Amino acid sequence: MSLYSTDKSRLRRRGSEIVEVALILSVAIITFIGILDIGSVVFLIQGLTERARAGARYGVVNTPFSAGNIRNVVVYGNSGGTGNPLLNLKTSVVTVTNPSFGDNVSAVQVVISGYQYHFFTPLISGDKTLPNIEVSLTQEGP
């Protein structure tokens, strides 16, 4: 009789160990995927910021002002608009303006807005819109 109760106790402990491992493993996997998602978003925002800076630099250095060429530099890395888009950018999410401040001083402003990112982390998975990326550089006229 005691042999039977010992086996039953051992089975109960083994069952509870399996449940504990399943719970801990699920939390660990969700946390790991979340860390990967956050790292990817930080990397992507930095890359988008660099693309906007490259476009603004191009607009400041090259005259006359051409919003189309600047947009191509942001999206494709060249003013001709050839090649594959960088970071899956689309020209529709890039806005280029040239505000004037008077006294021959103006700026080149590049804004990337409405960029979609697909999250994989459970509970927040799906497409989300990243915050706007805005870069402005001033240029002086002749």
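Just so it is clear, the structure is predicted and the values come from calculations on it, not from any experiment.

Here is what the cut-offs are and how they apply
- Residues numbered from 1 in each chain as written.
- Predicted model: local features only at pLDDT ≥ 70, side-chain atom pairs only at ≥ 80, totals over all residues.
- Heavy atoms only, no water.
- Helix = DSSP H or I, 4+ residues; strand = E, 2+ residues; numbered from the N terminus.
- Buried < 20%, exposed > 50% of the residue type's maximum accessible area, 1.4 Å probe, protein only.
- Salt bridge = Lys/Arg side-chain N within 4 Å of Asp/Glu carboxyl O.

A. Highlighting unusual backbone geometry. Here the residue pair Thr-63 and Pro-64 is connected by a cis peptide bond, since its omega of 0° sits within 30 degrees of zero. Locating Pro-64 in the fold gives a position in the loop between helix 1 (2-61) and helix 2 (67-76). Despite not being glycine, Asn-88 shows a phi value in the positive range, around 55°. The class for Asn-88 is exposed, based on a relative accessible area of 66%. Within the chain, Asn-104 stands out as a residue other than glycine whose phi angle is a positive 60°. Note that Asn-104 resides in the loop between strand 2 (100-102) and strand 3 (105-112).

B. Spotlight on the environment of Ile-35. Relative to the helices and strands, Ile-35 resides in helix 1. Under the relative-accessibility criterion, Ile-35 is labelled exposed at 55%. C-alpha separation for the pair Ile-35 and Thr-121, spaced 86 residues apart in sequence, amounts to 8.9 Å.

C. Layout of the pattern of salt bridges. Under the defined criterion, the tally for this structure stands at two salt bridges. Put simply, Glu-50 and Arg-53 hold a salt bridge, and the shortest N to O gap is 3.8 Å. Residue Glu-50 and its partner Arg-53 are located together in helix 1, separated by three residues, close to a single helical turn. Judged by its relative accessible area of 35%, Arg-53 is partly exposed. The partner of Arg-57 in a salt bridge is Glu-50, and the shortest N-O contact between them spans 3.0 Å. Judged by its relative accessible area of 41%, Arg-57 is partly exposed.

Honestly, that's just the spatial picture; any functional story needs more than this.
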